[in-house]
Amino acid sequence: MHELALARGVVDMIEAEAVRQNFSSVRKIVLEIGALSCVDEHALRFGMDASARNTLAADAAVEIVTAPGRARCFECDDDVTITTRGDGCPACGSHKLLVTGGEDMTLKALEVD
Ligand SMILES: [Zn+2]
C-alpha cells in the first residue's frame, strides 16, 4: 500500500511536470530508493505499472536505483555509509549515529518526448 501511494505521487508529479514543461509522453523514469527507506522495489514497480496506466507515463521504462544509507557518527565526527537502520558505525562500532541520507524515494530523472 505504501509503495502504491508513492507510485501515485510520482505519476502525479510527472503529470504536473508535463503541463509545466509541455511534453506529451515519458520514455523513461528513474527512481532512487534510499537503502533505509523501507520501500520494496518489486512493490514499487507494481505500483508504477498500476498508477501509470492510461497516463502519459504508461509506456515509460522504469529504472530503479538504490542510494546508500548515510549517517553522521558522533564518535568519529565523520560521515559514514550504513546498510540498515540500527547499524553501528563501520569505522568505530559506535551506535551514536544520526541518519542523514538514504531515507527517501526520489524522482531522479525523466526522459520525455
Ligand atoms: Zn564512528
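Asks: Where do I start with the overall build of the chain in this structure?
Replies: The number of helices and strands found in the chain is 2 helices and 6 strands. Secondary structure elements of the chain, listed N to C terminal, follow the sequence α-β-α-β-β-β-β-β. For 113 residues, the compact-globule estimate of 2.2 N^0.38 gives 13 Å, and the chain exceeds it by more than 25% at 17 Å. Dimensions of the chain, computed from the C-alpha atoms along their principal axes, are close to 50 × 25 × 15 Å. The buried share of the chain, reckoned over its 113 residues, is 35%. Expressed as a percentage of contacts within the chain between residues at least 6 apart in sequence, the contacts between residues at least 24 apart total 70%. Here the chain has roughly 6800 Å² of accessible surface; of this, 49% comes from carbon and sulfur atoms.

Asks: Explanation requested: helix H1 (residues 2-21) in the structure shown.
Replies: With 20 residues, H1 ought to run about 28 Å at 1.5 Å a step, and its terminal C-alpha atoms sit 28 Å apart, in line with that. The complete set of buried residues in H1 reads Glu3, Ala7, Val10, Val11, Ile14, Glu17 and Ala18. All buried residues of H1 fall inside an arc of 120 degrees around its axis, so they share one side. Residues of H1 that are exposed and point more than 90 degrees away from the buried face comprise Val19 and Arg20. Looking at the buried positions of H1, the neighbouring elements they touch are strand S1 (26-34), helix H2 (41-52) and strand S6 (105-112). Backbone geometry just downstream of H1 places Asn22 in the positive-phi region, at approximately 60 degrees.

Asks: Which parts of the structure should I look at to understand unusual backbone geometry?
Replies: Across the chain, the bulk of peptide bonds are trans and the bulk of non-glycine residues have phi less than zero. Positive phi values are uncommon outside glycine, yet Cys38 reaches one of about 65 degrees. Considering the arrangement of structural elements, one finds Cys38 in the loop between S1 and H2. Overall, the relative accessible area of 67% leaves Cys38 in the exposed class. Its identity as a non-glycine residue notwithstanding, Asp77 has a phi of 55 degrees, on the positive side. The topology assignment puts Asp77 in the loop between strand S3 (69-73) and strand S4 (78-82).

Asks: Sorry if this is basic, but what is going on with the coordination of the zinc ion here?
Replies: When a metal carries six donors in an octahedron, the ideal angles between them are 90 or 180 degrees, while four donors in a tetrahedron ideally lie at 109.5 degrees. Around the zinc ion, the protein contributes the donor atoms Cys73 (SG), Cys76 (SG), Cys89 (SG) and Cys92 (SG), at 2.2 to 2.4 Å from the metal centre. One can describe the donor arrangement at the zinc ion as tetrahedral, given that its 4 donor atoms subtend angles of 105 to 115 degrees at the metal. Look at where the donors of the zinc ion fall in the sequence and you get C-x2-C-x12-C-x2-C. A residue pair is termed long-range when its members are at least 10 positions apart, and Cys76 in the loop between S3 and S4 and Cys92 in the loop between S4 and strand S5 (97-101) qualify at 16 residues. Using a relative accessible area of 40% as the deciding quantity, one classes Cys92 as partly exposed.

What counts, and where the lines are drawn
- Residues numbered from 1 in each chain as written.
- Predicted model: local features only at pLDDT ≥ 70, side-chain atom pairs only at ≥ 80, totals over all residues.
- Heavy atoms only, no water.
- Helix = DSSP H or I, 4+ residues; strand = E, 2+ residues; numbered from the N terminus.
- Rg over C-alpha atoms; globule rule 2.2 N^0.38 Å.
- Buried < 20%, exposed > 50% of the residue type's maximum accessible area, 1.4 Å probe, protein only.
- Contact = heavy atoms within 4.5 Å.
- Areas by Shrake-Rupley, 256 points an atom, 1.4 Å probe, with all protein chains shown as cover.
- Expected span 1.5 Å × (residues − 1).
- Arc of directions from axis to C-beta.
- Donors = N, O, S within 2.8 Å, 3.2 Å for Na, K, Ca; no water.
- Tetrahedral: all angles 85-135°; square planar, octahedral: opposite > 155°, others 65-115°.

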